Structures are given as structure tokens and as C-alpha cells.
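Structure assessment
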Protein chains: 2
Amino acid sequence: MIAAIDLQRAASRISTFRVHSPLISDTFLDELWDCEVYLKCEQFQPVGAFKIRGAANFALQLTTEQAQKGFVTHSSGNHAQAVAYMAHKLKVKSYVVMPRNSNEQKIENAQKWGAEIILCEPTIDARIQTTESIASDTQGAIIPPFDHEWIVAGQATVAMEILAEQSDLDMIVAPLGGGGLLSGTSLAAHYFSPTTQVLGAEPEAAADGFKGFMTGVRALSVQANTIADGLRTTVGEIPFEIIKEHVDDIWLAEEDQISAWMYRIWNETKMIIEPSCAVPFVALNAQKKKLRGKKIAVIITGGNVDLNTLP
Amino acid sequence: MIAAIDLQRAASRISTFRVHSPLISDTFLDELWDCEVYLKCEQFQPVGAFKIRGAANFALQLTTEQAQKGFVTHSSGNHAQAVAYMAHKLKVKSYVVMPRNSNEQKIENAQKWGAEIILCEPTIDARIQTTESIASDTQGAIIPPFDHEWIVAGQATVAMEILAEQSDLDMIVAPLGGGGLLSGTSLAAHYFSPTTQVLGAEPEAAADGFKGFMTGVRALSVQANTIADGLRTTVGEIPFEIIKEHVDDIWLAEEDQISAWMYRIWNETKMIIEPSCAVPFVALNAQKKKLRGKKIAVIITGGNVDLNTLP
């Protein structure tokens, strides 16, 4: 059970490690959907993604003795960078297990912050096994990407900042992958702005979250064939329970619109967003009639794209 | 003579037409140059560039009768969009004279705001002649891109916003093309923060401003073979006199580093900036020793890049 005070403590705990990212209004979307849209720009975080928040909230709750043994994680991307960045800031070692087929830029970015990268087979079993063996060898603390209350509370600080700036929002929209951000967002709205609806946006081609939300039973075995690489994971247990209770709806994004919308947002807003960030826009645009006259915040989760290998 | 009160009046006059753009700190540049860097994000203006400010300050000083005849301008890009946008907002017509070889996206963007586009030969004479003949036919008001006190005062509001947010800046850096922005920036610093230095950054391949600044005589015939399409123009008469008096220095950017730095900024800051905006970074990086320990704001002037025809 994550209480309001846990979110508030997370916000102060991580305050010097995260940037208070800007919330930018956008004329293009306002006119397109006949509503008021604000973009919460988490791509401006030090590691180019919101993941720094959960990782910071986790790392800063370890004892000094635990932290000094280093941090271990497995991730295909932004979470790895976030863990490496926190280790760099706290002057401890970090070990990042990544599948061999990871995006080149993401590997380099984790290395940039001094992480030792351990490549493994691109299966979830290999990742978990390798991570556990590294943790057992080093005695380092495993920092999970989403399925932990400390991570969820950390990610909730995105919505807390949004709600502090715009108090009368009708809706906050977050993409849904492992569920850390969406569950945190829904908790923040629940505690600090109960009239604000929280909407998840998920690729149709990785719709385990949607399926679980509709049936009430967490889906484990849905195929994830989406370009939105940050959203290929299955929703975690802890996030799932929170999402079931506090998220208002989950909308789907048609796969073949995702990359077009990514470029559209680049072009119109002059922000580089990852394919995962295009998912909310595709989902919202498909149901734009429901947006008319509303005041909406969309969380831009990150901007880590390999500019050399664009889709 | 542009007085402090003219800048202050410009700021209130245009306040509902421009966005108060965010001033974003940047870890990457801080670490690279060992200083404190803030980016003033004018690419987030409605037309994707700061030019909206000067155009608004001009358009809003015309009498209703004048304005109703429409606005006329010649421009290869962002100023055209700004004029078209203001005409759209004020519900009057706009006529934009553009050289035939203009960037496709910039033409489309001016059309988006309802401008009538008149293509002409890509020579300055053809542009001026066509513009004057349109203005004489329509009785519309010519809105110049930079060589006018109203335009300079409008562009000065960028630096006014920066200085209101960060009062103890050592330096503000703006790119130098026609000189509207740089002269306005230097006036704002002169009146509201005299200890802040103002630095212009110009492509070495279009260094008429630098040459004029060094000799004290405005240079008219320097070749402009730069990828920084927004900076190919010659400095105007009115901006030149202000720059001579109030700008502290002009630094040059080596041509073959401009596009690499544009991508570097895209990659590191997740912002889409135009080639012209890369010019300050190239110039600053070449003299990074001088930046150590300083608090610096760089004006990101715009983000209008044709993503289909990238350099």
C-alpha cells in the first residue's frame, strides 16, 4: 500500500536528482483536438527519460552499506541509464544486464555514466538469471525497473509536478509498458486531484495491460511486436493492482500510426520524442471527439532515439 | 533611439501573442564546458521561432485601418511564418514574397496560416521589387524582417524574459543574421542587466556582421555560403548601430561543424533546433576555456527543419 505521504517523501527525496521538467502548452494539438493540451517534458531529464525518478527514489532508500556494494539491473534502455546515472552521482558501481539486441545508443548512454555492461541472450529468463548471478557475486542491490513500490512512488512525482502547476486538469495521459509510470500517475491523481481522470495508452501490438485491465486478471503472455520499444514489457504485479483500482481507462494505439505520429510531434513541437511517446498521441487522436473542450496533460516519457537508425 | 520603455511596452503589447518560452538548464553542456548553461527555447513559439515577437510588435502598432489592408513581407522562412501567423490572429490578409528556392516546409508553414505566397527569383532585388509592387497594389503594410526599431524592440523581449528568470547571468548568446535578435538582446541587457555580456555568434561563411563589428563599418558584400539558412542575410542598418554600441563580442562558427553540432544538440537535449541555432554552440565550444565557471544563456531561435531533407 503506497500512501500519499510516500509520494510526498519521494518528491523531496529525489528533488536534487531530477529536473523539474517544463509543462509546455501546444497550439498544434489544441487546434487539432479543440482542447487544451500540456506536454510534460521528461525527455529533458539528465538521462533523457522519466526513469531517473524511480531509480533515484529506490537508490536513496538503500542504506549506505547496501549502496556501496553497487547497483545491479537488467533493462533494455532508459532504466539502465537511470540506474547508471544514480550510481555515478552517488559514486558507487553499477552493473547493467542488457539483451544483445539492445539499441546501440542506449548501451553507449549507460556506459557514459560508468556502468559495467553485461550482455546476455535476449530472453527474459537469461536476463533475470544473469542479473541474479551478478547481484550474488557483487552483493550489489538489484534496482527493478517498475515492479516495486519505491519505483512506483518515484514515477508518481511526474504527475505531482503536473498537478501542482495545473490544478484543474480533466485528464492525464501516460503510456503503459511495465506500469510503473501509469500506476504512479494514477496514485498521484487519486491523492492530490481526485477529479482528474488518468488514462493509459498502450500499443495494440503489446496490449497485455489493456487485456488485464478489461478482464481483471493480469495477462502474462501477450506478444509484443511494437516499434514502441519502451512498452514491450508486461505490466508488473504491483503496478497492475494499482492500475486496476485507480486508472480510468486504457486506450489503444494502432501500430502503423506510431512512427508517423512520432515524426509529426517532432515536426510540430520541435521535441525529439521516442516511439513510445507517440503512443498516447495515436490513442488520443483516434478518440479525439472525447477530448473536445478538455484540459489534458500528456507525459512525454523520453527522447532517447538513435538518430542514425531512424524508422 | 530605442528606450527602455519601448522594450517594456513591446513586452506587454505582444504578451498574448507569444508563448513565455521555457529556459531549460542542460547537464550535458554544463559538464562539457564546466559552466552553467540555460537554453531559451524559442522553438516552442507558435510558429516555431522567435520571429513572432518582432512581427507581433510591428503588426500591433499599425492603425486598424492600416492593418485591415493586410501585411506584406519578403522572407525565406521564419519571419514569413510569423507575419502570416499575426495576420491569421488579427483576421487580415497576408502576402509573402519568397524566393523560388525556399525550403518546402517553410512555404507550407506560411500557407498554413493563410498567407498568399508569391514566389520570385532568388535575388534580393527581385524580392524587394516584388514586395513593393504587391504593397502598392494592395495598400498592405510591409513588415520588415529585422531593420526596424519595432522589430528590434520585439525581439528584445526574448532576453527580457531570460533576465527576469536568471538575474545574475554572465553572458547571453544569440546568433547573428540580420541582427534584429542580437541588437534587441544587447539593448535588453544594457537597460535591465548591464553586467551581463552579450555575445553574437555568426557562421564564418557569412561573417559580414563580424567584419562590420571589427571595422566599425557595416559590410554589405560578404558571401553567405552557410548551411545556417536563417543567418545568410546581411546585418541591417538599425541593428548594426546598436550592435556596435552594445554587443561585447562576436564569435565565429566554423562551417563544417555546424550540422554535426545540430545533431549533437538534438541527441543530447532532445530538442529539434535549426542549423542556425547550432552556430552559437560551435562558436562557444571553440572558445570553451572562456566559459569556465560562467552562467550563460543561449537563445535557441527556432526549430523549423524539413525532416525529409536533412543535411
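The following paragraphs examine the structure supplied in this document. Predicted model only: the values in this text are computed from it and were never measured.

On to the overall build of chain A. A tally of helices and strands in chain A yields 13 helices and 10 strands. Its C-alpha atoms give chain A a radius of gyration of 18 Å, near enough to 19 Å, the size a compact globule of 311 residues would have. Counting only C-alpha atoms, chain A reaches 55 × 40 × 40 Å along its principal axes. Looking at chain A residue by residue over its 311 residues, the buried ones come to 60%. Relative to all contacts within chain A whose residues are 6 or more apart in sequence, the contacts with residues 24 or more apart total 73%. Entry remark: accessible area of chain A is about 12,100 Å², with carbon and sulfur atoms responsible for 47%. Charged side chains in chain A number 26 positive and 36 negative. The centres of these two groups are separated by 3 Å.

Here the focus is the interface of chain A and chain B. When the parts come together, some accessible area is lost, and that loss is often what is quoted as the size of the interface. Between chain A and chain B, the contact holds 23 residues from the first and 23 residues from the second. With both chains or domains summed, chain A and chain B bury close to 1,900 Å², and 60% of this area falls on carbon and sulfur atoms. For the chain A face of the interface with chain B, the top three residues by lost area are F44(A), K270(A) and I272(A), together amounting to 32%. Taken together, chain A and chain B are joined by two salt bridges. Between E268(A) and K112(B) there is a salt bridge; the shortest N-O distance is 3.6 Å. Across the chain A-chain B interface, the total number found is six residue pairs in polar contact (both at pLDDT 80 or more). Those elements giving two or more residues to the side of chain A that touches chain B turn out to be helix 2 (27-33), helix 6 (104-112) and helix 12 (255-269) of chain A.

Of the transformation superimposing chain A on chain B, the axial component is 0.0 Å and the angular component is 180°, with the fit at an RMSD of 0.0 Å. In short, the pair behaves as if placed about a two-fold rotation axis. No C-alpha of chain A lies nearer the rotation axis than that of M271(A), which sits 2.3 Å from it. In this assembly, 100% of the residues forming the interface of chain A have copies in chain B that are likewise at the interface, indicating an isologous arrangement.

This next bit is on the side chain of S186(A). Residues and elements named next belong to chain A. With respect to the secondary-structure elements, S186 resides in helix 9 (residues 180-192). A distance of 2.8 Å separates the side chain of S186 from the backbone oxygen of S183, its partner in a polar contact. Beyond its immediate stretch of four places on either side in the chain, S186 contacts V198, I242, H246 and V247.

Glancing now at the pattern of salt bridges. Residues and elements named next belong to chain A. Under the definition given, this model contains 21 salt bridges over all chains. With a closest N to O distance of 2.6 Å, K40 and E161 form a salt bridge. Linking K40 in strand 2 (residues 36-41) with E161 in helix 8 (residues 149-165), this pair joins segments that are 121 residues apart in sequence. Assessed through its relative accessible area of 0%, K40 is described here as buried.

So, on to the sheet that holds strand 5 (residues 116-120) of chain A. Residues and elements named next belong to chain A. One open sheet holds the four strands; their spatial order is 5-4-3-6, and the pairing between them is parallel. The open sheet terminates on both sides in strands that have one partner only, identified here as strand 5 and strand 6 (141-142). The pairing of strand 3 (residues 71-74) with strand 6 spans two bridges and is parallel. Following the sheet pairing, V72 is matched in strand 6 by I142. Sheet strands touched by helix 6: strand 4 (94-99) and strand 5. Its angle to strand 5, the strand with the most contacts, is close to 150°.

Reading guide: rules and limits
Residues numbered from 1 in each chain as written. Chains lettered and ligands numbered in written order. Predicted model: local features only at pLDDT ≥ 70, side-chain atom pairs only at ≥ 80, totals over all residues. Heavy atoms only, no water. Helix = DSSP H or I, 4+ residues; strand = E, 2+ residues; numbered from the N terminus. Rg over C-alpha atoms; globule rule 2.2 N^0.38 Å. Buried < 20%, exposed > 50% of the residue type's maximum accessible area, 1.4 Å probe, protein only. Contact = heavy atoms within 4.5 Å. Areas by Shrake-Rupley, 256 points an atom, 1.4 Å probe, with all protein chains shown as cover. Lys, Arg positive; Asp, Glu negative; His and termini not counted. Charge placed at Lys NZ, Arg CZ, Asp CG, Glu CD. Buried area = accessible area lost by both parts, 1.4 Å probe. Salt bridge = Lys/Arg side-chain N within 4 Å of Asp/Glu carboxyl O. Polar contact = N/O pair within 3.5 Å; in protein donor to acceptor, adjacent residues only side chain to side chain. Least-squares fit on C-alpha atoms with pLDDT ≥ 70 in both. Pairing = 2+ DSSP bridges. Axes fitted to C-alpha atoms, helices over the stretch in contact; angles between N-to-C directions.

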